[in-house]
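# Fold and contact review
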Amino acid sequence: MKIVDVKTHVMGTAWRNLTFVRVITDEGLEGVGEVRMLNHTDALLGYLAEAVPNHVLGHDPHHIEDLVQRMYRNDYARAGEIAMSAIATIEIACWDIVGKALGRPIYELLGGPVRERMKAYANGWYTVERTPEEFHRAARRVVERGYRALKLDPFGSGFYELEAAEKRRAVALVEAVRDAVGPDVELLIEMHGRFNPATAVEMARELAPFQPSWIEEPVPPENLAALKKVAEQVTLPVATGERLHTRYDFRPLFELQAADIIQPDITHCGGLLEVRKLAAWAECYYMLVAPHNVGGPVSTAAALHLAAVTPNFKIQEHFNDLNEEWVKQAAPGNPEVVDGYFSLPQGPGLGVTLDESFVTAHPRQRIFFNLFAENWHLRQAVQPPVTGSAAAASSSGDQPPSPSA
């Protein structure tokens, strides 16, 4: 079996563009991968336009490790977010092909499941006015939907420090959410790398009475020694990793023991096998794994297969029940969240099927999503102005590069 074509399809929403990648073989089997690139979709498509003919076409999709190594090393460059995301889409699609060829779900090819259910937490649910009353009502809807865990960033557009009034507002929002969901629902606090260590420590201590299960990315991701400084001064578990893209990025995190939970994004970190390796490495440090997942149904499917086989898995992020639920129609087949848990995926490969006509009906949007802008939590990205060469390209009908039309 050989790979003979790779096609890309970009589906637009109000705040994210989802790129689906189809890997097609000479035997008629094809697999699908997916990634949400935050404001970098053109970079992904451009990388694939060069990488596919250089590395992918003619390759046996069963030889996944070899393909990943070729894409990672043979360009003689340091792989970062763009390359590792592109590699992930191809890698996930190859697993989908292998599973379909064997008639087995991917988790059975990765050693078999160690659990029958995977706990989920809701994100993207607080697209309301930033008041305790509105957050309280929105949190109740999450629990009524059946979730037993939810995450929020209560800090507005804060960066490095917060004014005293904003600190009180953030605490009031978390207090309202805890009151809404009760003591038994997990509450996860997202900091989005906003703070300097002193502010992160201060806010963690202020929020500790509400018993969050973690504080996430309390400082920017570039300086893991600063993260260690925070972890040593707070009593809450620390989670991080969505903006680390290679095992080499994670090495100092493990060595410093600067976190309790790692959050690699399968679609930004080279795919299923690479994150499985990271999970095994994390287990040596007694760290848990909670994969980041801000993508659509294919990204979610990949995450569920990984969760099924990972002994130190904690919980799975999910956007697509309380924020743009229609996105799930792009690739039906995933289990629904019931009583706070996903069940095991069914069917061969990923267990989902891409609906190309549905994706085509929701074309790519020209948007800029900025988590440091006012009211970013409403998940309504801004439409950037078209100027200069971008305007010329738009008027002439030019499209971003892709490996195949």
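These notes cover the structure that comes with them. Worth saying up front: this structure is predicted, and the values here are computed from it rather than measured. (Residues numbered from 1 in each chain as written. Predicted model: local features only at pLDDT ≥ 70, side-chain atom pairs only at ≥ 80, totals over all residues. Heavy atoms only, no water.)

### Some words on the packing of helix α7 (residues 197–207) against helix α8 (residues 224–231)
Worth spelling out the cut-off: To get an axis, fit a line to the C-alpha atoms, keeping to the stretch in contact for a helix; angles then go from 0 to 180 degrees between the N-to-C directions. Working definition: helices are DSSP H or I runs of at least four residues, strands are E runs of at least two. Numbering for both runs from the N terminus. Small angles under 35 degrees read as roughly parallel and large ones over 145 as roughly antiparallel, with 65 to 115 read as roughly perpendicular and the rest as oblique. Left-handed is the label given to a crossing in which the near helix is rotated counterclockwise from the far helix by less than a right angle, and right-handed is the label when the rotation is clockwise. Should any heavy atoms of two residues lie within 4.5 Å, those residues are considered in contact.
Contact geometry for α7 and α8: axes closest at 9 Å, N-to-C directions at 30°. Considered as vectors, α7 and α8 are oriented roughly parallel to each other. Crossing handedness for the pair α7 and α8: right-handed. Two secondary-structure elements touch here, α7 through P197, A200 and V201 and α8 through A226, K229 and V230.

### Topic: the sheet that holds strand β2 (residues 17–25)
Applicable threshold: Only strands joined by at least two bridges in the DSSP assignment are considered to pair.
With antiparallel pairing, the three strands of this open sheet are ordered in space as β1-β2-β3. Edge positions in the sheet fall to β1 (3–12) and β3 (30–36), since each of these pairs with one other strand and no more. Ignoring which end each strand starts from, the neighbouring axes of this sheet average 20° apart. Where β1 lies against β2, nine bridges are found, and the strand directions are antiparallel. Bridging from a neighbouring strand, G12 pairs with N17 of β2. Contacts from helix α1 (residues 41–56) reach β1, β2 and β3 within the one sheet, and its direction differs from that of β1 by about 175°. Sheet strands in contact with helix α3 (residues 81–102) are β1, β2 and β3, and its direction is about 150° off that of β3.

### A few points about the nonpolar core
As a reminder of what qualifies: Buried Ala, Val, Leu, Ile, Met, Phe, Trp, Tyr and Cys residues that are joined via side-chain atoms within 4.5 Å together make up what is termed a nonpolar core. Here's how the labels work: a residue is buried when its accessible area is under 20% of the maximum for its type, exposed when over 50%, partly exposed in between, all with a 1.4 Å probe on protein chains only.
Grouped together as the largest cluster of nonpolar side chains are 125 residues, with contacts concentrated most on I90 and W125. No other element matches α3, which puts 11 residues into this core. Residues within four places of W125 in sequence aside, it is in contact with F135, A138, A139, V142, L150, K151, L152, V177 and L322. Counting residues in hydrophobic clusters, the runner-up holds eight residues, among them Y121, A239, I261 and A290.

### Thoughts on the environment of D96
For D96, the position within the fold is in helix α3. Among the residues examined, D96 registers a relative accessible area of 0% and is labelled buried. Separated by 65 residues in the primary sequence, D96 and G31 have C-alpha atoms spaced 4.9 Å apart. Those residues in contact with D96 that lie beyond four places of it in its chain are E30, G31, V32, I106, P348, G349 and L350.

Nothing here speaks to function; it is geometry throughout.
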